[in-house]
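Each chain, written out:
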Amino acid sequence: GDSVTQMEGPVTLSEEAFLTINCTYTATGYPSLFWYVQYPGEGLQLLLKATKADDKGSNKGFEATYRKETTSFHLEKGSVQVSDSAVYFCALSDQGDKIIFGKGTRLHILP
Amino acid sequence: DARVTQTPRHKVTEMGQEVTMRCQPILGHNTVFWYRQTMMQGLELLAYFRNRAPLDDSGMPKDRFSAEMPDATLATLKIQPSEPRDSAVYFCASGQTGLYNEQFFGPGTRLTVL
C-alpha cells in the first residue's frame, strides 16, 4: 500500500542554519504530495504542496520538489528562524479522499 | 477566514463516562475526517465521511467509538464508555473532493480520561 517515510527527529539547528527534512514515498499511482506543519497546541496546517512530477511547492521560505525518479519530496529552507520550531509532516494523496501522513519530524531551532 | 472549529478544546473526564466531541467543517466542504494523535502512535485516521456518508471507520474501535454527521455543519465523535487509553488529542479535518485532497484541520480536542 501507499506509504510515506520521513527522517526521525528531533532535529535541532541554530537560527539561520540550512534545513533539510528528508521524505520518500511509495505509491501505486501519481500522488499529490504535501508538507504539513503543526505548531505547539495547534492542528496541522498545509505548508506546501506539489501535484505532479518536477513541481516545486514553496511557502514561507520553505521549498520541496516532487522527484518521481527518486520518489522523494524533501523539505528545505535556507535560513531557519526560531518561529519555525514545530512538527513537520510529509504526506501523500493518491486515490480517493484520504491523505497518508508520515510520522512527523520535530524541529527545534535554537536562538 | 473559513476555519474548522472543534468543541470542547479540552476535556477531562473519568473512566466510564461518555465523551462527545463536535466539529464544524468549513462551509462547502464535502469530506470530514477524524484523527487521533498520541505521542506513541502519532496521527491515526479514525473515520471519514463524504457528503455526510461514512466511508471508512476501520481505524476506530467499534465497541466504544461512534462517528456521525447529523447534518452538513456538524460532525460528532462519541466515546462510550471512555478509558484512560483514549487520552489523546482528537482532530477533525475537512476538505473538498477534487481540490488535490487538501485537508483543513481544526485546533483539536485534548481529551484526558482519568
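Before reading further, recall that the structure is shown in the block above.
Our subject in this report is the structure included herewith. (Residues numbered from 1 in each chain as written. Chains lettered and ligands numbered in written order. Predicted model: local features only at pLDDT ≥ 70, side-chain atom pairs only at ≥ 80, totals over all residues. Heavy atoms only, no water.)

**Here we look at the state of the cysteines**
Residues and elements named next belong to chain A. One pass over the structure, following the stated rule, counts two disulfides over all chains. Here cysteine 23 engages in a disulfide with cysteine 90; their sulfurs sit 1.9 Å apart. With the S-S dihedral at roughly -70 degrees, the linkage between cysteine 23 and cysteine 90 falls on the left-handed side. Residue cysteine 23 is located in strand β4 (residues 23–26), and its partner cysteine 90 is located in strand β10 (residues 86–93); the two are separated by 67 residues in the primary sequence. The pair formed by cysteine 23 and cysteine 90 is uniform in burial state, with each residue classed as buried. (Disulfide = S-S within 2.5 Å. Helix = DSSP H or I, 4+ residues; strand = E, 2+ residues; numbered from the N terminus. Buried < 20%, exposed > 50% of the residue type's maximum accessible area, 1.4 Å probe, protein only.)

**So, the pairing of strand β5 (residues 42–50) of chain B**
Residue and element names in this part refer to chain B. Both strand β4 (residues 31–38) and β5 contribute to a ladder of eight bridges, which runs antiparallel. Looking across to β5, one finds that threonine 38 is bridged to glycine 42. In this structure, the hairpin formed by β4 and β5 is closed by a connection of three residues. (Pairing = 2+ DSSP bridges.)

**Quick notes on the nonpolar core**
Counting residues in hydrophobic clusters, the biggest one holds 26 residues, and the most contacted among them are Trp35(A), Leu47(A), Leu48(A), Phe73(A), Leu75(A) and Tyr88(A). For this core, the leading source of residues is β10(A), giving four residues. Apart from the residues within four sequence positions on either side, Phe73(A) is in contact with Cys23(A), Leu33(A), Phe34(A), Trp35(A), Leu48(A), Lys49(A), Ala50(A), Ala64(A), Thr65(A), Tyr66(A) and Cys90(A). With 22 residues, the next largest nonpolar core counts Val4(B), Val32(B), Ala47(B) and Met69(B) among its residues. (Core = buried A, V, L, I, M, F, W, Y, C linked by side-chain atoms within 4.5 Å. Contact = heavy atoms within 4.5 Å.)

**Let's talk about the sheet that holds strand β7 (residues 65–71) of chain B**
Residues and elements named next belong to chain B. Strand order in this open sheet of four strands is β1-β3-β8-β7, and the pairing throughout is antiparallel. The open sheet has two edge strands with one neighbour each: β1 (5–7) and β7. Taken over all neighbouring pairs, the strand axes of this sheet differ in orientation by 20 degrees on average, direction set aside. By the bridge criterion, five bridges tie β7 to strand β8 (residues 74–79) in an arrangement that is antiparallel. Residue pairing for β8: aspartate 71 is matched across the bridge by leucine 74. (Axes fitted to C-alpha atoms, helices over the stretch in contact; angles between N-to-C directions.)

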